[in-house]
Amino acid sequence: MFKRTHTCGQLTAGHVGQTVTLNGWVNAYRGHGHGLVFVDLRDREGVTQVVFEQGGTPDAVVEAGGKLRNEDCVAVRGVVRQREKANPKIHTGAIEVVVESMEVLSKTARLPFVPSDETNLPDEETRLKFRYLDLRRPRMQEIMRTRHRVAKITRDYFDAHGFLEVETPMLCRSTPEGARDFLVPSRLQEGMWYALPQSPQLFKQILMIAGADRYLQIVKCFRDEDPRFDRQAEFTQIDLEMAFADRETVLKTMEGFAKTLWKDVLGVTLPDFPRMTYREAMDRFGIDRPDTRYGLELVDISDMAAQTEFGVFTGALEKPRGVVKAIRIPGAAEKLTRKVLDGYSAFVQQFGAGGVPFARFVNGAFEGGVAKFLGPIADTLVERLDLTDGDVVVFGADAYGVCTKALGELRQKVAKDLGMIPEGAWNFLWVYDFPMFEHDAETGRYYSLHHPFTAPTAAETERFLAADPADIDTVESIVSDGYDMICNGSEIGGGSIRIHRQEVQKKVFSLLGLTEEQAKTKFSFLLEALSYGAPPHGGIAFGLDRLVMHMTGTENIREVIAFPKTMTGQDLMCEAPNVVDEDQLKELHVRSTADTAVTAS
RNA sequence: GGGGCGGUAGCUCAAUUGGUUAGAGUCCCGGACUGUCGAUCCGGUGGUUGCGGGUUCGAGUCCCGUCCGCCUCGCCA
């Protein structure tokens, strides 16, 4: 009988003398001839050494033990014994189990790789193909456990704060704006399509109107866009919404949640989160999710740059919204060689900048790079950047958007390259006061910076309702009641106070270029719902995958997802996506236009 | 859609400037071994160098195409 009495992680000196049964996989084996075999048995909870030895173990069992190989799945029964020499590396190292009987539950075939061999870990492709073997590794088990704990603490925390978990549909209608939808053809409604949710945004707002008051859901979302190291087409949100709540209430509740998570999972006590406006974040850090673990802030020197004869500076200032900004890189004069700085120029070029003008500050004077142009402003530049000997200054000179983006990205690269990011630091902050809209010159229309259901701040509402769409400056100056939670330069959550007045929502739709007719067609249910006594409400959504990435120190999102997809959207284990039968397509009223054969039959 | 890096034994890697029979560790198989814990020692199996084409007397190595993986720009309200 193989039924276990203990896990492989729990036996200690206190169990000596007990007869126990363990189930698990062979993590390693060490044979010493026919009379003595050691096997390390592993399950989710740990590793225990079991011994097959002549005298204590029947001869036939010793022989069977000698045939065990890595990853065989077995049950062993035996007596716990104190070891002569303890193994301090494992929790159960004080004891071993002398095997009396064994059942091989399942013999392994030749392994594509050995999960316990951490030094010869295969490439990710192989790990994904044999994910069930990869997930057996203690590191992956630890990540899965952390993810479970995050989900559990999330439910506990919000339950305690009066939130109700409600499920929303996976088969939704496609809505304009936002990411590309995954579509599902309808069999019953010929020619019609469902979309998988990009987020349950509208449903949770409707739940507020429906009186749910406080809503929580840990939910899969789908966005058919290209993946990144921290982005997957299919991902999980912790989705939240609160009725009768202002921004302060939402931020306090969510900040408390983050603090609870970090305390309970990592034992880290987080201080109150600083807050920063979008404008300040862009000005000082060149990005809307600043990493405040290090300096390297952007400093505007446009006024000084105008006094130089440097064409790159003066040319930039002639552009609309042209600026010149500088970053002081302390003590980097020797590290940042010409070659490295040339690399930085190439780096910023992908963001539309021309290059990275630079100068070193050595022996009280600028040298190298564009030093010769800095003469007229040398003293004031030293003062404004607070330069000391051995510093390097890099510049950005362009329209505000390009300059800010380039230096913001460069700032992060420099910090990484020079090892300026402190280990173990947790810098959280809120970014708020985002613009409602951005005007795109190419398409000649406005886009929501967050999403079209984000309310303007209370102070802005009347100005917003009165805004003339033709007055781009005014429209772009309207501030929304949105907020992002940032952790170490990564956006882990974002939300807003929502529009709960129908006329405000209609105004947003009209600014986005939706005619009244289109707005009615696509969002009639929302507009209608807003007309029946909608409460003020707001919420947020956290990226569960990213939270777990931070908490486990993993470098890509696939590590924290049990069965993730590759950069080309494939599941290498089950080989999805894949072809289907012609009959299935027919039933769904769908015909493929792909060039290559795409059906199974 | 654009750019970059990578693909050699089941796995991790090596292979001089383009040069003889593509090597090592590990896994696996066989043998030895009674206190190991990365056990040790001896022997063995194992290769369409991702795939297709080209250049060359000769290609793992150079060129073109293609597939796959990762990273990145665009994209991601």
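Our structure's up above, just so we're on the same page.
Residues numbered from 1 in each chain as written. Chains lettered and ligands numbered in written order. Predicted model: local features only at pLDDT ≥ 70, side-chain atom pairs only at ≥ 80, totals over all residues. Heavy atoms only, no water.

A.B. asks: Kindly report on unusual backbone geometry, identifying the contributing residues and their values.
C.D. replies: Between A576 and P577 the backbone carries a cis peptide bond, its omega angle lying at 0°. Inspection of the secondary structure assignment puts P577 in the loop between α17 (544-552) and α18 (582-587). For D213, which is not a glycine, the phi torsion comes out positive at approximately 75°. Here D213 lies in the loop between α5 (201-209) and β9 (214-222). Of the residues examined, D213 reaches a relative accessible area of 35% and is grouped as partly exposed. Unlike most non-glycine residues, D386 shows phi in positive territory, near 55°. Structurally, D386 is set in the loop between α11 (378-385) and β16 (391-399). (Helix = DSSP H or I, 4+ residues; strand = E, 2+ residues; numbered from the N terminus. Buried < 20%, exposed > 50% of the residue type's maximum accessible area, 1.4 Å probe, protein only.)

A.B. asks: Can you explain helix α7 (residues 278-285)? Please cite residues and give values.
C.D. replies: Working note: α-helix, 3.6 residues per turn, so residues spaced by three or four point in the same direction. Turning to α7, its buried residues are Y278, A281, M282 and F285. Buried residues of α7, viewed axially, fall in a sector of 105°; they line one side. Residues of α7 that are buried in the fold lie against β11 (275-277), β12 (298-300), α12 (400-417) and β17 (428-432). One or two steps after α7, the chain reaches G286, where phi turns positive at roughly 70°. (Arc of directions from axis to C-beta. Contact = heavy atoms within 4.5 Å.)

A.B. asks: Could you give an account of the protein's contact with RNA strand B, naming the residues involved and the relevant values?
C.D. replies: By nearness alone, 54 residues border RNA strand B, and G31, K89, E225, S448 and H450 come closest of all. In RNA strand B, atoms within 4 Å of the protein come from the sugar-phosphate backbone in 54% of cases. Contacts to RNA strand B include K89, whose side-chain N or O atom sits 2.4 Å from a phosphate oxygen. Sorting the residues of the surface near RNA strand B by element identifies β1 (19-31), β2 (36-43), β3 (46-53) and α2 (124-129) as the ones contributing at least two each. Here the surface near RNA strand B is built from residues that sort into 16 nonpolar, 19 polar and 19 charged. (Near = heavy atom within 4 Å. Polar contact = N/O pair within 3.5 Å; in protein donor to acceptor, adjacent residues only side chain to side chain. Nonpolar A, V, L, I, M, F, W, Y, C, P; charged D, E, K, R; others polar.)

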